[in-house]
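# Structural description and commentary
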Amino acid sequence: KKKKKKKSNMASGGKFTVPSRRITLPQHVEAWRTSDAAKTIIGFVEAINSSVHGVLTSEAGPRSDKVQATESLLDELDGWITEIPPVEQPMRFGNRAFKTWHARLVERAQGLVAPLVPSDKAGADAELAGYLTVAFGNETRIDYGSGHELAFVAFLCCASMVGVYEEADLKTLGLVVFDRYLKLVRRLQRTYMLEPAGSHGVWGLDDYQFLPFYWGSSQLMGSQFTPEDIASRTAVDTHAEDSLLFDAIKFVYQVKSGPFHEHSRYLYDISGVKEWSKVNSGLLKMYKAEVMFKFPIIQHFLFGSLLPLDVPQPAAAPADPAGFVVGQGGLPMTAFPRAGQGHVPMTAMPVPVPVATRDPGPKSGSLARPGGPGPKSGSLARPAGPGPKSGSLAGPGPKSGSLAKKE
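What comes next is a walk through the structure. Computed from a predicted structure; not experimentally measured.

### Here's the deal with the environment of Gly-222
For Gly-222, the location among the structural elements is in the loop between helix 8 (211-219) and helix 9 (233-238). Looking at Gly-222, the relative accessible area reads 86%, which means it is exposed. The spatial distance from the C-alpha of Gly-222 to the C-alpha of His-53 is 8.7 Å, given a sequence separation of 169 residues.

### Some points on the nonpolar core
Ranked by size, the top nonpolar core spans 111 residues in total, and within it Trp-32, Trp-101 and Phe-136 carry the most contacts. Dropping the residues within four chain positions of it, Phe-136 is found in contact with Leu-74, Leu-77, Phe-98, Trp-101, Leu-105, Tyr-144, His-148, Tyr-181, Leu-184, Val-185, Leu-188 and Leu-194.

### Some points on the pattern of salt bridges
Applying the stated criterion to the full structure yields 14 salt bridges. When the shortest N-O distance is used, the salt bridge between Asp-75 and Arg-180 registers 2.7 Å. You can see Asp-75 sitting in helix 3 (residues 65-83) and its partner Arg-180 sitting in helix 7 (residues 170-191), a full 105 residues away along the chain. We classify Arg-180 as buried; its relative accessible area is 15%. Taken together, the salt bridges that share partners define one network made up of Asp-75, Asp-78, Arg-180 and Arg-187.

### Focus on the packing of helix 2 (residues 36-51) against helix 6 (residues 146-161)
Viewed as axis vectors pointing N to C, helix 2 and helix 6 meet at an angle of 95°, and their least axial separation amounts to 10 Å. By the angle between their axes, helix 2 is roughly perpendicular relative to helix 6. Of helix 6, the residues touching helix 2 (which contributes Thr-40, Ile-41, Phe-44 and Val-45) are Leu-150, Val-153, Ala-154, Leu-156, Cys-157, Ser-160 and Met-161. For the contact of helix 2 with helix 6, a count of residues per class yields nine nonpolar, two polar and no charged.

### Re the packing of aromatic side chains
Counted according to the given criterion, the structure contains 19 aromatic pairs. Aromatic side chains Trp-32 and Phe-303 sit 5.4 Å apart centroid to centroid with 70° between the ring planes, which places their arrangement in the edge-to-face category. Of this pair, Trp-32 sits in helix 1 (residues 28-33) while Phe-303 is found in strand 4 (residues 302-303), placing the two residues 271 residues apart along the sequence. Judged by its relative accessible area of 0%, Trp-32 falls in the buried class. Between Tyr-144 and Tyr-208, the aromatic rings sit 6.2 Å apart at their centres with planes inclined by 45°, giving tilted as the arrangement. One end of the pair, Tyr-144, is in strand 2 (residues 143-144); the other, Tyr-208, is in the loop between strand 3 (195-196) and helix 8, and 64 residues separate them in sequence. Cluster of aromatic residues (ring-pair linked, three or more members): Trp-80, Phe-98, Trp-101, Phe-136, Phe-152, Phe-155, Phe-178, Tyr-181, Tyr-192 and Trp-215. Residue placement shows Arg-33 over the ring face of Phe-293; its charged tip is 5.1 Å from the ring centre.

### Digging into the environment of Leu-211
Of note, Leu-211 is situated in helix 8. Along the primary structure Leu-211 and Tyr-287 are separated by 76 residues, whereas in three dimensions their C-alpha atoms are 8.1 Å apart. If we ignore the near neighbours within four places in the chain, the residues touching Leu-211 are Val-45, Glu-149, Val-153, Phe-178, Gly-216 and Tyr-287.

### So, helix 4 (residues 97-113)
Taking 1.5 Å of rise per residue, 17 residues should cover 24 Å, and helix 4 covers 24 Å from first to last C-alpha, within 8% of that figure. Its maximal kink placed at Glu-107, helix 4 deviates by approximately 45°. Turning to helix 4, its buried residues number three or more, namely Ala-97, Phe-98, Trp-101, His-102, Arg-104, Leu-105, Ala-109, Leu-112 and Val-113. Buried residues in helix 4 make contact with helix 3, helix 5 (124-132), helix 6 and helix 7.

### Let's talk about the side chain of Gln-89
Note on placement: Gln-89 falls in the loop between helix 3 and helix 4. For Gln-89, a relative accessible area of 16% corresponds to the buried category. Here the side chain of Gln-89 touches Met-91 through a polar contact of 3.2 Å, landing on its backbone oxygen. One polar contact links the side chain of Gln-89 to the main-chain carbonyl oxygen of Gly-94, over a distance of 3.1 Å. Aside from chain neighbours lying at most four places away, what touches Gln-89 is Gly-94, Asn-95 and Arg-96.

What counts and what doesn't
- Residues numbered from 1 in each chain as written.
- Predicted model: local features only at pLDDT ≥ 70, side-chain atom pairs only at ≥ 80, totals over all residues.
- Heavy atoms only, no water.
- Helix = DSSP H or I, 4+ residues; strand = E, 2+ residues; numbered from the N terminus.
- Buried < 20%, exposed > 50% of the residue type's maximum accessible area, 1.4 Å probe, protein only.
- Core = buried A, V, L, I, M, F, W, Y, C linked by side-chain atoms within 4.5 Å.
- Contact = heavy atoms within 4.5 Å.
- Salt bridge = Lys/Arg side-chain N within 4 Å of Asp/Glu carboxyl O.
- Axes fitted to C-alpha atoms, helices over the stretch in contact; angles between N-to-C directions.
- Parallel < 35°, antiparallel > 145°, perpendicular 65-115°, else oblique.
- Nonpolar A, V, L, I, M, F, W, Y, C, P; charged D, E, K, R; others polar.
- Phe/Tyr/Trp six-rings, centres within 6.5 Å; stacked < 30°, edge-to-face > 60°.
- Lys NZ or Arg CZ within 6 Å of the ring centre and 35° of its normal.
- Expected span 1.5 Å × (residues − 1).
- Bend = angle between axes of the 7 residues up to and from the residue.
- Polar contact = N/O pair within 3.5 Å; in protein donor to acceptor, adjacent residues only side chain to side chain.

Put into structure tokens, the structure is as follows:
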């Protein structure tokens with residue numbers, strides 16, 4: 001007799017849970033790396049990447065009712081910023097008014113999410129709200145980083161798993177909903193002066209975001225633009241509305257001063273890559289290495305019934321401030337099996353251009369991209385200099401006798 005396939009509890013209206021932390025020790029990262037939950041998230045990220053391939057932001061197409069409702073939800077959160085202005089305080093960064101804004105989010109999140117959830121998925125609103133409440137920054141540290149961005153992606157992913165969005169919505173989730181989310185978090189960052197969470201500074205891709213660069217590079221495949229345009233202020237300002245990547249770089253120009261090659265060294269060196277496809281594949285590897293499987297970031301990620309995680313525990317399970325049972329499993333659901341085709345090696349985005357082969361860059365205020373010969377084909381050398389602190393994205397500086405210039 002043929003064995004009957006077990007039906008998912010979710011399909012029959014199983015129990016949803018409020019998501020909570022599971023990764024409490026560095027050794028838990030390996031269990032997360034090989035989990036169905038990680039494959040689901042990566043598969044969702046890659047699915048959106050494929051859906052926006054060669055599509056400009058202005059050409060996103062029609063929005064479904066649920067996509068429009070999600071836009072309205074984000075519009076409401078944006079309106080709260082006007083209602084809750086920053087308070088006067090001696091500290092420049094971390095305005096305490098953000099705590100008030102975030103407290104309102106926690107209080108109202110489930111009510112905002114409930115209208116999106118299908119009627120046969122009762123209880124899913126609490127699980128989805130759990131991800132939404134941590135997608136806009138930390139109310140204690142008053143900071144924001146790529147881990148909060150990941151939480152918003154988890155919200156969209158889990159909402160798709162319970163039927164809020166269809167496969168046809170992937171493109172508008174990437175180019176409409178995520179774009180609206182970016183505009184909201186940028187306003188939060190500037191209004192309440194949120195600190196960058198775990199910023200690598202000049203050695204990082206960006207102080208706050210990651211995915212607009214990955215999905216944005218997919219958008220630009222087959223377009224008139226080349227990676228060299230990353231370092232062109234004119235191209236960025238003119239076409240910010242066409243690409244998430246250019247829009248993200250435009251924001252970098254708004255919050256950082258000085259020559260581009262100095263304040264955004266990693267982006268500047270990526271502009272030396274020949275093809276968008278190589279930029280795109282490299283950024284995916286970097287995303288896995290520096291966000292998805294980085295303990296300082298992923299230790300804050302939440303797991304529930306939709307994205308479960310079982311982790312091996314020490315003899316005495318660590319206490320958890322939220323009161324959840326560490327290591328409690330959930331229902332394995334791989335909604336996007338595409339990610340299960342194998343793990344991509346965790347190598348960071350290769351920097352293609354040795355500093356010695358390029359001009360040091362234009363003088364402050366210049367809009368022109370520095371000249372100098374381009375990189376040799378296949379060059380993977382990192383920029384020279386003293387290098388970042390341990391754990392940063394870039395490697396150490398050159399050894400004595402290196403041809404690279406000292407900085």
